[in-house]
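Fold and geometry: a report
In case you want the letters, here they are:
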Amino acid sequence: MSYATCSGEVTGEITPVGNGDARVQGRDHVAVVIPAFNEAEGLPTFLAEIRASFEACATSVTLIVVDDASTDGTGASAADLADVVRAPTNRGHGPSALAAYAEGLRSGADAIVHVDGDGQFLGDDIARVAAALNGADVVHGVRRGRTDPWFRRTLSALVGFAALMLCGRPVPDVNTPLRAYRPDALRRLMSGVPDNALVPHVHFSIAEARWRFRVRYIAVTSIPRRGANAQGTMWGSGRARLVFPPRQLLRFARRAFAELWHVDIARSRRRAGRPDRRTAALRG
């Protein structure tokens, strides 16, 4: 697979964050995978914008929505614009993201792009992230101008500090949900993460640094979530803007940091010097 880029050369293994323009070559097939839970209001507009951005580059794109057992008709709202896979039960964001990646790999696409269904990115930025995969294994869309509540940004900063300690270098926006992967790189990353992982993107970011993947970082604009519900329902009813972190989020944070210890610290120590059997099989 090859992409044409207008700017942003790879320097070593990591490029600086930048806004460079890029175009995807028309012969390439991109799968944009989108986990979604109760996003019926804003999802159709978001999907239409993504499709228009890729069509402007004359790029073949498949949109795949993984509906995490929504209760608001999310799957039906997306059916005219995307392939919809509905989970029988609500699994949470992490497992839904991994399921979405698996659907992308099954599609046979040349590149798999992940973005959340809340629509907090611009379609043109999503296309730019896909195009920037030229010469890299993975591209991260680094969010600028985040409008998330202070406690979510604080949590992201804490996770970023943990990644710094584990990787030996900073990872910009360690948990960004906007990413593009080459299929072989994605398969290797997924082999090291449990199917029920709460924070798979954090594990991916740490593994990418440890395994010396060629990573490119592209600055993208973060916008408020789409639809009338600006807060979302993941951490509560979404009817009022939260001032303090909800208990559900605090419980999630405790579990996520415990998972970080188990997957990225304890297990790596046990396996020091021993390749993962699933990774060895993929290499073979």
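For the structure, see preceding data.
Now for a look at the structure at hand. (Residues numbered from 1 in each chain as written. Predicted model: local features only at pLDDT ≥ 70, side-chain atom pairs only at ≥ 80, totals over all residues. Heavy atoms only, no water.)

1. Things to note about the overall build of the protein chain
On a plain count of helices and strands, the protein chain comes out with 9 helices and 10 strands. Every one of the 284 residues in the protein chain was classed for burial, and the buried ones make up 53%. A sequence separation of at least 24 residues applies to 78% of the contacts in the protein chain between residues at least 6 apart. Total accessible area on the protein chain is roughly 13100 Å²; 54% of this is exposed by carbon and sulfur atoms. (Helix = DSSP H or I, 4+ residues; strand = E, 2+ residues; numbered from the N terminus. Buried < 20%, exposed > 50% of the residue type's maximum accessible area, 1.4 Å probe, protein only. Contact = heavy atoms within 4.5 Å. Areas by Shrake-Rupley, 256 points an atom, 1.4 Å probe, with all protein chains shown as cover.)

2. Description of helix α6 (residues 183-191)
With 7 of 9 residues buried, α6 is to be regarded as a mostly interior element. What α6 keeps buried is the set Pro 183, Ala 185, Leu 186, Arg 188, Leu 189, Met 190 and Ser 191.

3. Side note on helix α4 (residues 123-131)
In an α-helix, one full turn covers 3.6 residues, which means residues spaced three or four apart are oriented alike. Among the 9 residues in α4, 8 count as buried, and that is most of the element. Every buried residue belonging to α4 is among Gly 123, Asp 125, Ile 126, Ala 127, Arg 128, Val 129, Ala 130 and Ala 131, and all of these are buried.

4. Some words on the nonpolar core
Ranked by internal contacts, the top residues of the largest apolar core, which has 40 residues, are Tyr 101, Tyr 181, Leu 186, Met 190 and Phe 204. Looking at this core, the elements with two or more residues in it are β5 (60-67), α3 (93-106), β8 (138-144), α5 (150-167), α6, α7 (200-210), β10 (215-221) and α8 (247-270). For Phe 204, the residues in contact, after removing those within four places along its chain, are Leu 98, Tyr 101, Arg 179, Tyr 181, Leu 186, Leu 189, Met 190 and Val 193. Ala 36, Ile 50, Val 65 and Leu 133 belong to the second-largest nonpolar core, a separate cluster that totals 29 residues. (Core = buried A, V, L, I, M, F, W, Y, C linked by side-chain atoms within 4.5 Å.)

5. Some details on unusual backbone geometry
A positive phi angle, close to 55°, is found at Asn 38, a residue other than glycine. Assignment of secondary structure puts Asn 38 in the loop between β4 (29-36) and α1 (43-56). Phi at Ala 69 takes a positive value of approximately 55°, unusual for a residue other than glycine. Its location among the elements puts Ala 69 in the loop between β5 and α2 (74-78). According to the relative accessible area criterion, Ala 69 is buried, its value standing at 13%.

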